[in-house]
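# Fold and geometry: a report
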Amino acid sequence: ETGVTQTPRHLVMGMTNKKSLKCEQHLGHNAMYWYKQSAKKPLELMFVYNFKEQTENNSVPSRFSPECPNSSHLFLHLHTLQPEDSALYLCASSQDDGSRETQYFGPGTRLLVL
Amino acid sequence: AQSVTQPDIHITVSEGASLELRCNYSYGATPYLFWYVQSPGQGLQLLLKYFSGDTLVQGIKGFEAEFKRSQSSFNLRKPSVHWSDAAEYFCAVVPASGGYQKVTFGTGTKLQVIP
């Protein structure tokens, strides 16, 4: 238990569906992150939020839409996804987004797009 | 652009044997360096990190890593592997200035431990 929870743990969706991934951290951190983990590829940073402000959008397609209503919650809204978007989506948090901070990861949401 | 290479995709060791996982990076200056472990069905957990100073870094679960500037390497070691160490291990680099926005991960090394 890292203090970062993600729901749902598994999700199957069609290409025309809309769904949302949720992340919650109970560590009092101010920075939150979304990563995509695909088989045989390096972990890819998607979005960074620091004090609720987005500080990085790593050329992510617009079919992925993040939302950070407060420092404890992070959402990833999904719509009209493609099969290549199937992956493990990991959320992480840290005290702030500085390089010396330790990131704490959630267990991930395994997404399958049909 | 910075890059991280973990040359070994899969490694098998016997329980009780020593372990070394390789990590090489390419970056203009010395970055901050990290090793993470991911057990099946779990997220990543930080094992250890290097910022500066002593080039031999101790981490959790009996792991250590040595930073070698001349070789641009940050190899992870453990003197005696336990069955519970079976997992996937990731090396990562972050610029000393600029924050996690510029993090780069390696592709990972999957460790199998046999009795």
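Shown above is the structure to which this text applies.
Residues numbered from 1 in each chain as written. Chains lettered and ligands numbered in written order. Predicted model: local features only at pLDDT ≥ 70, side-chain atom pairs only at ≥ 80, totals over all residues. Heavy atoms only, no water.

## A few points about the environment of B:V94
Our working rule: Strands are runs of DSSP state E lasting at least 2 residues, helices are runs of H or I lasting at least 4, and numbering of each runs from the N terminus. We call two residues in contact when some of their heavy atoms are within 4.5 Å.
Positionally, B:V94 belongs in strand β10 (residues 87-94). In this structure, the C-alpha to C-alpha distance between B:V94 and B:P79, residues 15 residues apart in sequence, is 27 Å. With sequence-adjacent residues up to four places away left out, B:V94 is seen in contact with A:S99, B:P31, B:Y32, B:F34, B:G99, B:Y100 and B:V103.

## Some remarks on the pairing of strand β2 (residues 10-13) of chain A
All names here are of chain A. The condition is simple: Only protein chains enter the calculation, and the probe is 1.4 Å; a residue is then buried if its accessible area is under 20% of its type maximum, exposed if over 50%, and partly exposed in between. Pairing between strands requires that DSSP locate at least two bridges from one strand to the other.
Burial along β2 is one-sided: L11 and M13 are buried, and none of H10 and V12, which face the opposite way, are. Alignment of β2 against strand β11 (residues 109-113), held across four bridges, turns out to be parallel. Within the sheet, the bridge partner assigned to H10 lies in β11 and is R110.

## Some details on the interface of chain B and chain A
Quick reminder of the rule: Take the accessible area each of two parts loses on contact, using a 1.4 Å probe, and add the two losses: that sum is the buried area. Any carboxyl oxygen of Asp or Glu that lies within 4 Å of a side-chain nitrogen of Lys or Arg is treated as forming a salt bridge with it. Put simply, Ala, Val, Leu, Ile, Met, Phe, Trp, Tyr, Cys and Pro go in the nonpolar bin, Asp, Glu, Lys and Arg in the charged bin, and everything else, Gly too, in the polar bin.
The partner chain A presents 24 residues to the 25 residues of chain B that form the contact. Contact with chain A buries surface across chain B, with B:Y100, B:Q101 and B:F105 losing the most and accounting together for 37% of the total. Our enumeration of links across chain B and chain A arrives at zero salt bridges. It is strand β5 (residues 32-38) of chain B that contributes the most residues to the side of chain B that touches chain A, four residues altogether. Considering only residue class, the side of chain B that touches chain A consists of 13 nonpolar, ten polar and two charged.

## Things to note about the side chain of B:D85
Residues and elements named next belong to chain B. Here D85 lies in the loop between β9 (73-78) and β10. The exposure class of D85 is buried, given its relative accessible area of 5%. Dropping the residues within four chain positions of it, D85 is found in contact with F63, K78, L111 and V113.

## Points about the sheet that holds strand β3 (residues 18-25) of chain A
Residues and elements named next belong to chain A. Our working rule: Between N-to-C directions, angles span 0 to 180 degrees; the directions come from axes that are lines fitted to C-alpha atoms, helices contributing only their stretch in contact.
Here we have four strands laid out as an open sheet, ordered β1-β3-β8-β7, and antiparallel in their pairing. Every other strand in the sheet has two partners, leaving β1 (4-7) and β7 (64-70) as the edge strands with one partner each. Going across the sheet, the axis of each strand differs from the next one's by a mean of 20°, ignoring polarity.

## Let's talk about the side chain of B:E88
Residue and element names in this part refer to chain B. Definition in use: Asp and Glu count as negative and Lys and Arg as positive, but His and the ends of the chain are not part of the count.
Topologically, E88 is positioned in strand β10. For the buried E88, no salt bridge exists, and the shortest N-O distance to an oppositely charged side chain is 4.4 Å, to K110. Among all residues touching E88, those that are not within four sequence positions of it are Y36, V37, Q38, T107, G108, T109 and K110.

## A look at a nonpolar patch on the surface
The condition that has to hold: Two distance rules govern patches: like charges are joined within 9 Å, and nonpolar side chains (Val, Leu, Ile, Met, Phe, Trp, Tyr) within 5 Å, applied only to residues with over 30% relative accessible area and no salt bridge. All accessibility values rest on the Shrake-Rupley procedure with a 1.4 Å probe; residue burial counts only the protein chains present in the view.
A grouping of A:V12, A:L112 and A:L114 is seen on the molecular surface, where their side chains present a nonpolar patch of about 280 Å² in accessible area. For A:L114, the position within the fold is in the segment after β11.

## Let's talk about unusual backbone geometry
Residues and elements named next belong to chain A. Note that the residue after T7, namely P8, is joined by a cis bond; omega there is -10°. A positive phi is found at F51, a non-glycine position, where the angle reads about 50°. Mapped onto the fold, F51 is located in the loop between β5 (44-50) and β6 (53-57). Positive phi, close to 50°, is recorded for T80, a residue that is not glycine. For T80, the position within the fold is in the loop between β8 (73-79) and β9 (87-94).

## Remarks on the environment of B:E15
All names here are of chain B. Considering the arrangement of structural elements, one finds E15 in the loop between β2 (10-14) and β3 (19-21). By relative accessible area, E15 is classed as partly exposed at 37%. With 99 residues separating them along the chain, E15 and I114 place their C-alpha atoms 5.9 Å apart. Each residue touching E15, except ones within four places of it in the same chain, is listed here: V81, H82, W83, V113, I114 and P115.

## Description of the pattern of salt bridges
For the structure on display, the rule yields six salt bridges over all chains. In this structure, A:K41 engages A:E44 in a salt bridge whose closest nitrogen and oxygen atoms are separated by 3.5 Å. Judged by its relative accessible area of 42%, A:K41 falls in the partly exposed class. According to the relative accessible area criterion, A:E44 is partly exposed, its value standing at 31%. Measuring nitrogen to oxygen at the nearest pair gives 2.7 Å for the salt bridge that ties A:D85 to A:R63. Note that A:D85 is positioned in the loop between β8 and β9 and A:R63 in the loop between β6 and β7, a separation of 22 residues in sequence. The burial state of A:D85 is the same as that of A:R63; both residues are buried. Each of B:E64, B:E66 and B:R77 takes part in a single network of salt bridges with overlapping partners.

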